[in-house]
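Structural characterization, general
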Amino acid sequence: MSIPQTDFLAAEPSLAELLAARPALKMHAQDGLCFENVPLNAIADAFGTPVWVYGAATLRARYGALKSAFAQAGLAPRLHYAVKANDHLAILSLLREQGAGADVVSRGEFLRAQKAGIDPKDIVFSGVGKTAEDLRAALAQNIGQINVESPAELALLSAIAAAMGKTASIVLRMNPDVDAGTHAKITTGRADNKFGVAAHEIPALYAHAATLPGIQPIGLALHIGSQILSPAPYAAAFGKAAALINHLRAAGQTVTTLDLGGGLGVGYRDEPGISLAAFAHTVRRATAELGVSLILEPGRYLAAPAGLLLTSVILEKQNGAKRFCVLDAAMNDLIRPAMYDSYHAILPVSPVDFLAETTAADIVGPVCETGDTFATGRAMPPLRPGARLAILDAGAYGAVMSSTYNARPRAAAVLIDGTPKLITPRQAIEDLWSSEIVP
Ligand SMILES: *Cc1c(COP(=O)(O)O)cnc(C)c1O
């Protein structure tokens with residue numbers, strides 16, 4: 001049985017509570033809603049809407065908080081940002097400056113990460129279906145680590161590496177059969193998910209890998225899912241990994257690396273995200289005796305609160321008893337609500353709107369799908385055409401998942417680093433068909 005995530009949550013937070021939970025956002029009496037001290041109205045005036053707005057200071061602060069939580073636990077895991085969460089070169093470059101490596105799941109991401117200046121030796125390649133070309137490209141650039149997810153992939157990689165005269169440092173991705181307690185579409189560590197190799201099959205596969213040409217097994221990886229708010233599933237999964245490492249070593253294998261994956265959850269309402277101190281403590285407890293070098297692959301935790309989608313109201317309409325607020329952003333921009341029933345906080349940008357009486361409204365986009373709904377029954381003030389709204393915590397799994405469905409061009413993107421700068425121009429409508437061929 002799958003329980004919609006909203007069912008067990010307390011009363012909806014007010015607009016003021018949503019704002020108070022987000023230190024990078026402030027409401028100014030004249031300027032309205034500001035993100036990292038920049039009025040969102042100024043960004044909308046300059047660049048139009050819908051527009052993605054990212055905050056460099058927030059991204060740096062998240063990275064710093066994660067690093068220091070581990071330092072306080074006496075640990076220094078290598079942080080490999082999961083590129084799929086937000087693969088913009090500006091975001092990757094900023095994280096590279098902070099010292100991040102990358103976790104990639106395709107050749108495109110591998111090349112993107114390098115384009116942003118990340119050294120291939122600081123890149124790990126995950127994913128259940130890497131092609132021969134993917135593996136060849138990774139080996140040609142001397143990638144740091146390949147996370148192997150199946151016997152078939154191991155055989156393919158060995159053949160390619162041997163033919164190229166290379167040795168691939170690999171870890172085997174174990175499927176720990178742990179339920180991360182998250183949405184069904186983003187749980188990845190259960191036995192019936194497609195990811196990884198069952199724990200009981202790892203010892204034989206690891207021993208086999210050690211005999212293969214072109215392969216050097218160095219450890220294990222796991223990644224149990226995304227938007228995980230409790231350390232409990234991590235403790236269970238890391239405990240299984242530790243037991244498996246001890247088992248492998250007892251059988252004479254060398255294990256030097258444990259890649260703990262990502263999945264750290266953020267507060268999308270006004271709840272706190274996962275406690276970094278508790279998470280770091282969990283990692284320490286599970287791995288202290290192992291003497292392995294640790295890798296983390298955070299994506300959402302770093303990027304989600306560092307971005308928002310700024311949009312304008314097209315119109316309001318009333319269908320019977322139901323109030324609809326139609327935006328110029330849609331599911332083609334941000335698909336998370338349609339795909340995962342995700343909650344995103346939505347705040348008015350105008351200080352007058354922010355303080356006005358609210359009634360329940362469905363906040364929707366103009367796309368011809370009922371699923372094009374950002375929120376249902378959300379407390380919102382009356383909104384005039386042109387009123388602006390900020391859809392919050394959209395920095396991860398936002399722009400990367402957008403499409404041009406309904407022939408809607410891709411939104412622009414702006415990065416605030418002190419001042420706002422355009423980092424992606426709005427796609428021109430003509431670009432939608434510029435690569436199409438009519439025979
Ligand atoms: C998606 C993914 C991550 C990042 O997940 P987040 O929830 O964004 O932290 C890390 N590792 C692997 C293998 C992934 O597939």
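In this text the structure is predicted, and so the values were computed from the model without any measurement.

1. Comments concerning the overall build of the protein
A tally of regular secondary structure across the protein gives 13 helices and 21 strands. The globule rule puts the C-alpha radius of gyration for 439 residues at 22 Å, and the 23 Å found for the protein is close to it. Once the C-alpha set of the protein is aligned to its principal axes, its extents read approximately 70 × 55 × 45 Å. Scored against the burial criterion, the 439 residues of the protein give a buried share of 53%. Relative to all contacts within the protein whose residues are 6 or more apart in sequence, the contacts with residues 24 or more apart total 69%. For the protein, the exposed surface amounts to about 18,300 Å²; the carbon and sulfur share of it is 56%. Mean positive and mean negative side-chain charge positions of the protein (36 and 39 charges, respectively) differ by 4 Å.

2. A short note on the domain arrangement of the protein
As assigned here, the protein comprises domain 1 (5–55 + 305–424) and domain 2 (56–303). Summarising the inter-unit geometry, the C-alpha centres of domain 1 and domain 2 are found 32 Å apart. When the two sides are added together, the surface that domain 1 and domain 2 hide from each other amounts to roughly 2,500 Å², 56% of it contributed by carbon and sulfur. It is Pro305, Tyr340 and Tyr397 that lose the most area in domain 1 upon contact with domain 2, and together they represent 23% of the buried surface on that side. The tally of links from domain 1 across to domain 2 stands at 2 salt bridges. Measuring nitrogen to oxygen at the nearest pair gives 2.9 Å for the salt bridge that ties aspartate 417 to arginine 60. For the side of domain 1 that touches domain 2, the secondary structure elements donating two or more residues are helix H1 (15–20), strand S4 (51–55), helix H12 (336–340), strand S20 (412–417) and strand S21 (419–424). Split into classes, the residues belonging to the side of domain 1 that touches domain 2 amount to 19 nonpolar, 8 polar and 8 charged.

3. Overview of the pattern of salt bridges
One pass over the full model with this rule turns up 15 salt bridges. Of the charged contacts in the structure, one is a salt bridge between aspartate 393 and arginine 22, with a shortest N-O distance of 2.8 Å. Remark: arginine 22 occurs in the loop between H1 and strand S1 (25–28) and aspartate 393 occurs in the loop between strand S19 (388–391) and S20; sequence separation between them is 371 residues. Here aspartate 393 matches arginine 22 in class, with each residue buried. Of the charged contacts, one joins aspartate 362 and lysine 322 as a salt bridge, the two residues approaching to 2.9 Å between their closest N and O atoms. Of the two residues, aspartate 362 is situated in strand S17 (residues 359–364) and lysine 322 in strand S15 (residues 322–327); the sequence distance between them amounts to 40 residues. The exposure class assigned to lysine 322 is partly exposed, which follows from its relative accessible area of 41%. Overlapping salt bridges, with partners in common, bring together Asp119, Lys121 and Asp122 in one network.

4. So, the packing of helix H9 (residues 231–250) against helix H10 (residues 276–287)
At their nearest, the axes of H9 and H10 sit 9 Å apart, and the two run at 20° to each other. Taken as axis vectors, H9 and H10 run roughly parallel relative to one another. Along this stretch, H9 crosses H10, giving a crossing that reads as right-handed. Between H9 and H10, the contacting residues are Pro231, Tyr234, Ala235, Phe238, Gly239 and Ala242 on the first element and Ala278, Phe279, Thr282, Val283 and Ala286 on the second. A per-class count over the contact of H9 with H10 returns 9 nonpolar, 2 polar and no charged.

5. Describing the sheet that holds S1
The strand order S1-S2-S3 describes an open sheet built from 3 strands, whose pairing is antiparallel. At either margin of the open sheet sits one strand with a lone partner, and together these are S1 and strand S3 (38–39). When S1 meets strand S2 (residues 32–35), the two strands line up antiparallel, connected through 4 bridges. Looking across to S2, one finds that lysine 26 is bridged to cysteine 34.

6. Topic: unusual backbone geometry
Trans is the common state for peptide bonds, and a negative phi is the common state for residues other than glycine. Looking along the chain, the bond that leaves threonine 49 and enters proline 50 is cis, with omega of -5°. In this structure, proline 50 sits in the loop between helix H2 (40–47) and S4. Even without a glycine there, the phi angle at glutamine 227 is positive, about 55°. Under the relative-accessibility criterion, glutamine 227 is labelled buried at 10%. Despite not being glycine, aspartate 341 shows a phi value in the positive range, around 55°.

Definitions and limits used
- Residues numbered from 1 in each chain as written.
- Predicted model: local features only at pLDDT ≥ 70, side-chain atom pairs only at ≥ 80, totals over all residues.
- Heavy atoms only, no water.
- Helix = DSSP H or I, 4+ residues; strand = E, 2+ residues; numbered from the N terminus.
- Rg over C-alpha atoms; globule rule 2.2 N^0.38 Å.
- Buried < 20%, exposed > 50% of the residue type's maximum accessible area, 1.4 Å probe, protein only.
- Contact = heavy atoms within 4.5 Å.
- Areas by Shrake-Rupley, 256 points an atom, 1.4 Å probe, with all protein chains shown as cover.
- Lys, Arg positive; Asp, Glu negative; His and termini not counted.
- Charge placed at Lys NZ, Arg CZ, Asp CG, Glu CD.
- Domains from an automatic or database assignment.
- Buried area = accessible area lost by both parts, 1.4 Å probe.
- Salt bridge = Lys/Arg side-chain N within 4 Å of Asp/Glu carboxyl O.
- Nonpolar A, V, L, I, M, F, W, Y, C, P; charged D, E, K, R; others polar.
- Axes fitted to C-alpha atoms, helices over the stretch in contact; angles between N-to-C directions.
- Parallel < 35°, antiparallel > 145°, perpendicular 65-115°, else oblique.
- Left-handed = near helix turned anticlockwise from the far one by under 90°.
- Pairing = 2+ DSSP bridges.

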